[in-house]
Amino acid sequence: MKYIISLCLLIISHSLTAQLPDAVYMPNIQTVQLYLNDNQLAYPVLSLNGGDKLNLDFDDLDANVKNYYYTYQLCNADWTPVQISSFDYIRGFAQNPIRDYHYSSIALTRYTHYHVVLPEQGAVITRSGNYLLKVFLDNDTAKLAFTKRMLVVDNAVSIAGQFFQPMNPQVSQTNQKIQFNVNSRALSLVNPFQQLKVVLLQNHRWDNAIYIDKPSFYSGNNFEYNSDDIPVFPGGKQWRWLDLQSFRYQSDRVAKADYLPKSTTIYVKPDPDRSAQPYYYYADYNGGYFVQTTESINPFYQTDYATVKFSFIPSDNTTLADQDIYLFGELTGYQFNDATRMIFNEQKGIYEGSLLLKMGFYNYAYVSKKKNDPAAKASFALTEGNHFETENDYLILVYYRSMGGRADELVGTFSLNTLGAQ
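In this text, all values refer to a predicted model and were calculated from it rather than measured experimentally.

Moving on to the sheet that holds strand β3 (residues 54-60). An order of β1-β3-β8-β7 is seen for the four strands of this open sheet, with the pairing classed as antiparallel. The sheet is open, and its two borders are formed by β1 (29-36) and β7 (100-103), each paired with just one other strand. Averaged over all neighbouring strand pairs, the angle between strand axes comes to 15°, with direction disregarded. In terms of strand pairing, β1 meets β3 through six bridges, oriented antiparallel. Looking at β3, one finds that Ile-29 is bridged to Asp-60.

Now for the packing of aromatic side chains. Tallied over the entire structure, the rule returns 33 aromatic pairs. Note on Tyr-68 and Tyr-114: the rings are 5.0 Å apart at their centroids and 75° apart in plane angle, and the pair reads as edge-to-face. Placement of the pair is Tyr-68 in strand β4 (residues 68-75) and Tyr-114 in strand β8 (residues 112-118), with a sequence separation of 46 residues. By relative accessible area, which is 0% here, Tyr-114 ends up buried. Members of the aromatic cluster, each reached through a chain of ring pairs, are Phe-58, Tyr-68, Tyr-101, Tyr-103, Tyr-114 and Phe-146. Here the basic side chain of Arg-149 rests over the ring of Trp-79, its NZ or CZ set 5.0 Å away from the ring centre. Here the basic side chain of Lys-369 rests over the ring of Phe-336, its NZ or CZ set 4.4 Å away from the ring centre.

Across all of its chains, the model carries 17 salt bridges by this definition. A salt bridge links Asp-138 to Lys-143; its shortest N-O distance comes to 3.2 Å. What makes Asp-138 partly exposed here is its relative accessible area of 40%. On the basis of relative accessible area, Lys-143 is assigned to the partly exposed category, the value being 36%. The partner of Asp-207 in a salt bridge is Arg-205, with the nearest N and O atoms 2.7 Å apart. Bridged by salt links that share partners, the residues Arg-240, Arg-253, Asp-271, Arg-274 and Glu-384 form one connected network.

Checked against the element boundaries, Thr-264 lands in strand β21 (residues 264-268). Beyond its immediate stretch of four places on either side in the chain, Thr-264 contacts Leu-108, Phe-247, Asp-258, Tyr-259, Tyr-305, Ala-306 and Thr-307.

A few words on the sheet that holds strand β6 (residues 96-97). What the five strands build is an open sheet, ordered β2-β11-β10-β4-β6; its pairing is mixed. Where the open sheet ends on each side, the last strands, each with one partner, are β2 (45-47) and β6. As paired elements, β2 and strand β11 (residues 144-153) share three bridges and run parallel to each other. Residue pairing in the sheet places Val-45 in a bridge with Leu-151 of β11.

A cluster of nonpolar residues, Val-65, Tyr-101 and Tyr-103, forms a patch on the protein surface that exposes about 290 Å² of accessible area. Residue placement: Tyr-101 occurs in strand β7.

This paragraph deals with the confidence of the model for the chain. Across the chain, pLDDT averages 93, with 95% of residues at or above 70. In the model, residues 1-17 has pLDDT below 50 throughout and makes five contacts with residues more than four positions away in sequence or in other chains.

Let us now look at the environment of Leu-187. Among the secondary structure elements, Leu-187 is positioned in the loop between β13 (175-183) and α2 (192-195). Accessibility expressed as a relative area gives 15% for Leu-187, which makes it buried. With 215 residues separating them along the chain, Leu-187 and Ser-402 place their C-alpha atoms 8.9 Å apart. Setting aside its immediate chain neighbours within four residues, Leu-187 contacts Ala-156, Val-157, Leu-196, Tyr-400 and Val-411.

This next bit is on the pairing of β11. Along β11, 10 of the 10 residues are buried, which leaves the element largely enclosed by surrounding structure. Summarising the sheet, strand β10 (residues 129-137) and β11 pair through eight bridges and their orientation is antiparallel. Among the inter-strand pairings, Tyr-131 is bridged to a residue of β11, identified as Met-150. Counting the residues in the hairpin turn of β10 and β11 gives six residues, including Asp-138, whose phi is positive at 55°.

Tracing the sequence through the fold places Asp-59 in strand β3. Its relative accessible area of 0% is what places Asp-59 among the buried residues. A polar atom in the side chain of Asp-59 sits 2.5 Å from the side chain of Tyr-305. In this structure Asp-59 touches Asn-28, Ile-29, Gln-30, Thr-31, Tyr-111, Thr-112, His-113, Phe-300, Tyr-305 and Lys-358, once residues within four positions along its chain are discounted.

Most peptide bonds take the trans configuration, and most residues that are not glycine carry a negative phi. The omega torsion across Leu-118 and Pro-119 is -5°, close enough to zero to call that bond cis. Mapped onto the fold, Pro-119 is located in the loop between β8 and β9 (123-125). Of note in the backbone geometry, Asp-138 takes a positive phi value of approximately 55° without being a glycine. Considering the arrangement of structural elements, one finds Asp-138 in the loop between β10 and β11. A positive phi angle, near 50°, is found at Asn-286, a position not held by glycine.

The rules behind the values
- Residues numbered from 1 in each chain as written.
- Predicted model: local features only at pLDDT ≥ 70, side-chain atom pairs only at ≥ 80, totals over all residues.
- Heavy atoms only, no water.
- Pairing = 2+ DSSP bridges.
- Helix = DSSP H or I, 4+ residues; strand = E, 2+ residues; numbered from the N terminus.
- Axes fitted to C-alpha atoms, helices over the stretch in contact; angles between N-to-C directions.
- Phe/Tyr/Trp six-rings, centres within 6.5 Å; stacked < 30°, edge-to-face > 60°.
- Buried < 20%, exposed > 50% of the residue type's maximum accessible area, 1.4 Å probe, protein only.
- Lys NZ or Arg CZ within 6 Å of the ring centre and 35° of its normal.
- Salt bridge = Lys/Arg side-chain N within 4 Å of Asp/Glu carboxyl O.
- Contact = heavy atoms within 4.5 Å.
- Patch = residues over 30% accessible without salt bridge, like charges linked within 9 Å, V, L, I, M, F, W, Y side chains within 5 Å.
- Areas by Shrake-Rupley, 256 points an atom, 1.4 Å probe, with all protein chains shown as cover.
- pLDDT = per-residue confidence, 0-100.
- Polar contact = N/O pair within 3.5 Å; in protein donor to acceptor, adjacent residues only side chain to side chain.

Structure, rendered in structure tokens:
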């Protein structure tokens, strides 16, 4: 019996590890959003035992009614699943149905919109940490539709941080440095170098997150993180934008639109390479988007979809050697795959790609990644440019594990913007 249980745990562990965060597994699923307190741009961070609520919204293009369920998976700071029972972190039911849905109306594209407010009374999270929200069909976790990251914090530390221009002359004009300190007075720390971990996010992105295991130095309960090189992020540039709040009235970034009896195709004006352009500030949403319309209809189940054509003009109209170009932002889930990779059109000398997008306002960018190198990070350097002045949001996450503990607890968060701490 002991060997059977061990084998089952091994199979479950392998299955959970294969489930990537922020991934969509079914092609009929579109516009998955998980956000805080009715603010579509707010990252899903809940306070443990607090009164905040998360909204989950998504569309099913099959346009019929299905039995969708959700559950939570507790994860460590690096998003590896925690091997403990869900009874240890969920009070109530582990698997719960999503009952709120609306058929689309007015829209040419038929879909069913699903909505749920979390946490529900019958499924309360009882531990802080990283959580993977998993949505699946027919109460069968093998029929996974998508996953989304969410955070639950139990504020037990105080954090203060600042933005600096790096001192290193090699990156001082292109990168941004975040210096911060953590006060852990409320924690029981026996070995802080093993019990504390810090993760830094730029614009809520996990693809370039910086993980820090050790502080630069500490004294008593105060931990300083201010080394010369880490944490340093490439600054990027203000994000490109696309206003799709109406398909009838074309915004300034739309070149043309094809209005067909059952669908709409929108062509975005070609985007030039900005890597050599100087930096200038304008307000953006740091890669995010929100579903909205300028017309008096419900944006979640009455707005339409369009196939949106994007094009990027590289320098000299030639391919970037040994690089793949991707359309990038929350609109692509910050994913790198065939759906988000741009294809070079040799006749036109441009990269082309398309996405199915709902009415709304979108930020996006183009990034490059070295071909055939899964470990390569996305870079703005060849397509957008990097500048230390760029306005960016940063999120500092502090994790703690008690001696003998089996999971990383999220014990503090701190948000700052390069234009001033928030």
